[in-house]
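Letter by letter, the chains look like this.
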Amino acid sequence: MTAIGSAAPLLSAVLAPLADLGRADAVARRITEAIALGLVVDGDQLPSENDLADQLGVANGTVREALALLREAGLIETRRGRNGGSFVRTPAEGCEHLQLARLRDLATVDLRDLGDEELAVFGTAARLAAERAPADLGPRLIRLVHDLRDAAGPAEQRRADARFHIELAVAAQSARLTQLAVRLQAELGPLLWLPAPYGPDQERFAEQHREILVAVLAGDAACARAAAEAHAVACVHHLVRRHLELADDG
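A quick note: this is a predicted structure, and the numbers were derived from the prediction, not measured. (Residues numbered from 1 in each chain as written. Predicted model: local features only at pLDDT ≥ 70, side-chain atom pairs only at ≥ 80, totals over all residues. Heavy atoms only, no water.)

**Thoughts on the overall build of the protein chain**
So, point 1. When helices and strands are tallied, the protein chain shows eleven helices and two strands.
So, point 2. The buried share among the 250 residues of the protein chain stands at 48%.
So, point 3. Summed over all atoms, the accessible surface of the protein chain reaches about 11,600 Å², with 51% contributed by carbon and sulfur. (Helix = DSSP H or I, 4+ residues; strand = E, 2+ residues; numbered from the N terminus. Buried < 20%, exposed > 50% of the residue type's maximum accessible area, 1.4 Å probe, protein only. Areas by Shrake-Rupley, 256 points an atom, 1.4 Å probe, with all protein chains shown as cover.)

**Some points on the pairing of strand β1 (residues 76-79)**
So, point 1. Pairing analysis gives four bridges linking β1 to strand β2 (residues 85-88), with the strands arranged antiparallel. Paired with E77 across the two strands is F87, which belongs to β2.
So, point 2. From the end of β1 to the start of β2, which pair antiparallel, there are five residues, and G81 there has a positive phi angle of about 100 degrees. (Pairing = 2+ DSSP bridges.)

**Focus: helix α5 (residues 96-105)**
So, point 1. All of the buried residues in α5 are E96, L100 and L103. Looking down the long axis of α5, one finds its buried residues gathered within 65 degrees of arc, a one-sided arrangement. In α5, the exposed positions angled more than 90 degrees off the buried face are occupied by H97 and D105. (Arc of directions from axis to C-beta.)

**Notes on the packing of aromatic side chains**
So, point 1. Applying the stated rule across the entire model yields one aromatic pair.
So, point 2. Sitting above the plane of the F87 ring, R79 keeps its charged end 3.9 Å from the centroid. (Phe/Tyr/Trp six-rings, centres within 6.5 Å; stacked < 30°, edge-to-face > 60°. Lys NZ or Arg CZ within 6 Å of the ring centre and 35° of its normal.)

**Details of helix α7 (residues 137-150)**
So, point 1. Over its 14 residues, α7 runs 20 Å from end to end, which matches the ideal 20 Å to within 8%, given 1.5 Å per residue.
So, point 2. All buried positions along α7 are accounted for by L137, G138, L141, L144, V145 and L148. One side of α7 holds all its buried residues, which, seen down the axis, span an arc of 130 degrees. Exposed residues pointing more than 90 degrees away from the buried face of α7 are listed as P139 and D150. (Expected span 1.5 Å × (residues − 1).)

**Things to note about the environment of Q45**
So, point 1. With respect to the helices and strands, the residue Q45 is situated in the loop between α2 (24-36) and α3 (49-56).
So, point 2. Classification of Q45 as partly exposed rests on a relative accessible area of 22%.
So, point 3. Measuring from C-alpha to C-alpha, the distance between Q45 and V88 comes to 6.4 Å, with 43 residues separating the pair along the chain.
So, point 4. A polar side-chain atom of Q45 sits 3.2 Å from the main-chain carbonyl oxygen of G84. (Polar contact = N/O pair within 3.5 Å; in protein donor to acceptor, adjacent residues only side chain to side chain.)

**Some thoughts on the nonpolar core**
So, point 1. Core analysis: the biggest nonpolar cluster contains 28 residues, and L103, L111, L148, L177, L192, F205 and L239 have the highest contact counts within it.
So, point 2. Looking at this core, the elements that each hand over two or more residues are α5, α6 (108-132), α8 (154-171), α9 (175-192), α10 (202-217) and α11 (221-249).
So, point 3. When neighbours within four sequence positions are excluded, L177 is seen to be in contact with V121, T124, A125, L128, A169 and A172. (Core = buried A, V, L, I, M, F, W, Y, C linked by side-chain atoms within 4.5 Å. Contact = heavy atoms within 4.5 Å.)

**Some points on the confidence of the model for the protein chain**
So, point 1. Mean pLDDT over the protein chain works out to 86, with 89% of the residues at or above the 70 mark.
So, point 2. The least confident element of the protein chain, judged by mean pLDDT, is helix α1 (residues 9-14) at 63; the most confident is α10 at 96.
So, point 3. Ignoring residues within four places in sequence, the model shows residues 1-7, a span with pLDDT below 50, making 17 contacts including any to other chains. (pLDDT = per-residue confidence, 0-100.)

**Side note on unusual backbone geometry**
So, point 1. Cis geometry marks the peptide bond from A196 to P197; its omega dihedral reads 10 degrees.
So, point 2. Position of P197 relative to the elements: it lies in the loop between α9 and α10.
So, point 3. Backbone geometry places Q173, a non-glycine residue, at a positive phi of 60 degrees.
So, point 4. With respect to the helices and strands, the residue Q173 is situated in the loop between α8 and α9.

So this is what it looks like as C-alpha cells:
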C-alpha cells in the first residue's frame, strides 16, 4: 500500500483548484479521473481531507461529501485508527468487461466527436509544448515512451499512455488545456486500452509517442502538432473499428 501526496506532479495537475467551488460532485469527479488514469491504484492512500481541500481550493466539508460519494460508488474505503484514511479500491486490471460493453454501445458519431476533441486538445498541447517546454521535459517523456513499450496489460498501458498525454499538456503551461487533457484521457483511455485482441498496437503507439517527443524536444511546433494529430486520428480509427466489430458480434 502506498501513500500519495501533492508532490506527485501529474496527480497535482489532476487535483488542481476547482473553478466550480464548493461542489462535492466536482471533487468526486476529479478523484475518479485520477483513479481512471491510473495515477492512483488499488491500495493507494489518498491525501488527507485537509490536503485535498487545500489542493482543490474547497472546504473540508465538501471533500468529506465527495469521499462519501466515492465510498458509495465502491471506489474507495475509509479506515479508522492510527493508520487510517481513504484508500483506493479497484481491481488490478479495472472493469474491462464494462468498458467493452460501453465501446459496443457508443454511437460511431460519438466516438468521432471524442476524436475531434482529442485532435484539437492533443495537437494544440504538442504545439505549445514545443514552444514552451521546460528544459527537464525530455527525460520524463522518454521514460514514459519506454513505459508504454514495456507495459504489461491494459492497466499499465493505459497509465503510461495517459501520463504521456497529460505530461505534454502540463508542458504546454496551460491549466485549462491540462484539465481538458485529463478529462479526455479519463474518458478515452479505458475504451482504448482493452485486453487483446481489442487493444491497439502497443509498439506502434509507443513509436508515435516517440515521434511527437522528438519534434517537441527539437522545438518544431508544426511537426509536433502534425505528429500529435496523426496519433489522435489513429486512436479514433482504432476505436471505431473495434466498436463496429463488437457491434457485429453482439
